[in-house]
Amino acid sequence: MNRLNMDTLLSKFPLLKTLIALQPTSWFNPNITSVEEGMKLVGLGQQEIQQASERLNRFAAYLTKAFPETTKNNGIIESEVIDIAEMKKQLQLDYGKPLTGRLMLKKDSHLPIAGSIKARGGIYEVLTHAEKLAMQAGLLEESDDYGKLCSESFRQFFSQYSIAVGSTGNLGLSIGIISAKLGFSVSVHMSADARQWKKDKLRTHGVNVVEYEQDYGVAVAQGRKEAEGDANCFFIDDENSQILFLGYSVAGQRLSQQFNELGIKVDQDHPLFVYLPCGVGGGPGGVAFGLKAVFGDHVHCIFAEPTHSPCMLLGVHTGLHDQISVQDIGIDNVTAADGLAVGRASGFVGRSMQGLIDGYYTLSDQTMYNYLQKMDRLESLQLEPSAVAGVIGPMIVSANSEYLQRLKLDQYKMANATHLIWATGGSMVPEQEMQDYLAKSVD
Ligand SMILES: *Cc1c(COP(=O)(O)O)cnc(C)c1O
């Protein structure tokens, strides 16, 4: 970006100076819309979410066979919601302020097969593709027992086709594992941020891992290029895919059911705040979409990003979306939160979801390390750095009286609030790697 454009941008959006200085900050969008209006912009609705949910139900019989760890939940890939009362005490101590309402954690960190939120979208898109191919070949019907896909003959069939994806680690892990299991030939293009253990793990599954010295944007572009030259190769486009997005969105109805079982209300007098770590935006965007579809205007979604990779905040705040990257304003996109190391946000998610996301905040890698350690010590939960980005969200929301007034949420309603931190990954992190993370805490 040239000097002139940069000066104009900075005078129009002074918040960018804080981003450039890598200071933790937050922005609560004053232009949020009602659910009806917001959903229209996305161009997807209840019906598409329902179809995704039904497709996942059809595949449950396959998943229990191919991945026995999914048997205890009947082949449905879902995570628990738990109270984190010790963390609640700790946050109040750390910030010297009370936090009212209930503090909970969504354990996508412990989802089967991939150990991260990518077990929602990534696996869903591969299953959708496999179903389509098998149906086109006359080998599968919706009414069949999908358990039959777990067979040598289907693996032979899928081996004629390939799948490619670019990733900072976890998306590659989920797509690589499920694709290889089905029998596809699969290439994962990994950015420089990707952890060695994630690459090693994929290779043991027979996945072709291609490594880059550059960041996520380059890895995605290379994956796309590989697929373009080959009609039998399907490219999973993390920057634009509506199928990935729908796979994530099913989380909304699942959470609603879990809340019913726990007797947790979400309505005008019982607001729900959800804190979602954001990379390119597909995961948190899709989950937020699904949450809005079930809880309507009573759920408030807030995205968390590293100070070194605030791509969604930058894109939505300036209205430039995928036309601007953090590198354009001199930010390096180097962070220990490998799942969030994205310099340019999804244009699809930013444009279509901006009216449905209440706010955005940034935090330093050190804050993530500190809460990673506290999560381990206080709640015996092992998470990766990206996955703890949501932890401080409730303190940022409670401190923002202007935002709460705008939502007409007084202290009585806030006393009934549920704050849900979406923990997005970590259960598969190797022991030594976890020890290294824990050692980085200074608290
Ligand atoms: C991918 C990922 C995210 C963010 O998802 P995006 O779709 O990239 O926004 C958050 N946390 C973890 C651990 C991830 O792997």
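Right above here is the structure, for reference.
Since we're looking at a predicted model, the values are computed, not measured.

Calculation notes
Within every chain, residues take consecutive numbers counted from 1 along the sequence as written. The predicted nature of this model means local features are confined to residues of pLDDT at least 70 and side-chain atom pairs, given and counted, to a pLDDT of 80 or more, with totals for whole chains, interfaces and linings taken over all residues. Here the side-chain values reflect all heavy atoms present in the structure, with hydrogen atoms and water set aside. By salt bridge we mean one thing: a side-chain nitrogen of Lys or Arg within 4 Å of a carboxyl oxygen of Asp or Glu. Numbering goes from the N terminus for both helices and strands, where a helix is a DSSP run of H or I of at least four residues and a strand is a run of E of at least two. Burial classes: relative accessible area under 20% of the type maximum marks a residue as buried, over 50% as exposed, and values in between as partly exposed (1.4 Å probe, protein chains only). A 1.4 Å probe that fits into a set of points on a 1 Å grid over the protein atoms alone but cannot get out defines a cavity; an open set with protein on both sides within 12 Å along at least five of seven lines defines a pocket, and lining residues are those with an atom within 4 Å of a point. Grid points are joined across faces, edges and corners, and a volume is the space filled by probe spheres set on the points. Amino acid classes used here: Ala, Val, Leu, Ile, Met, Phe, Trp, Tyr, Cys and Pro are nonpolar; Asp, Glu, Lys and Arg are charged; the rest, including Gly, are polar. In this entry, domain limits derive from an automatic or database-based domain assignment.

Asker: Would you explain the pattern of salt bridges in this entry?
Answerer: Opposite charge on two side chains lets them pair, provided their charged atoms get close. All chains considered together, the criterion is met by 23 salt bridges. For the salt bridge of Lys198 with Asp338, the shortest nitrogen-to-oxygen distance reads 2.8 Å. Residue Lys198 is found in helix H9 (residues 196-204), and its partner Asp338 is found in the loop between helix H14 (311-318) and helix H15 (347-353); the two are separated by 140 residues along the sequence. Here the two residues Lys198 and Asp338 agree in accessibility, since each one is buried.

Asker: Explain empty space enclosed by the protein here, please?
Answerer: The tally for this structure, following the rule as stated, stands at 3 cavities of 30 Å³ or more. A volume near 240 Å³ is recorded for the largest cavity. Lining the largest cavity are 25 residues, and of these Ile117, Lys118, Gly279, Gly339 and Leu340 lie nearest its centre. Only helix H8 (170-182) and helix H13 (282-295) provide two or more residues apiece to the lining of the largest cavity. Looking at the lining of the largest cavity element by element, the count peaks at 3 residues for H13. Here the residues of the lining of the largest cavity sort into 10 nonpolar, 12 polar and 3 charged. Each of two domains, domain 1 (3-114 + 245-439) and domain 2 (118-240), supplies a minimum of three residues to the lining of the largest cavity. In this structure, the second largest cavity occupies an estimated 100 Å³ of space. The wall of the second largest cavity is formed by Leu56, Leu63, Gly75, Ile76, Ile77, Ala119, Arg120, Tyr124, Gly247, Val250, Ala251 and Arg254. Of all the secondary structure elements, the ones that give two or more residues to the lining of the second largest cavity are helix H4 (46-66), helix H6 (118-136) and helix H12 (251-262). A per-element tally of the lining of the second largest cavity places H6 first, with 3 residues.

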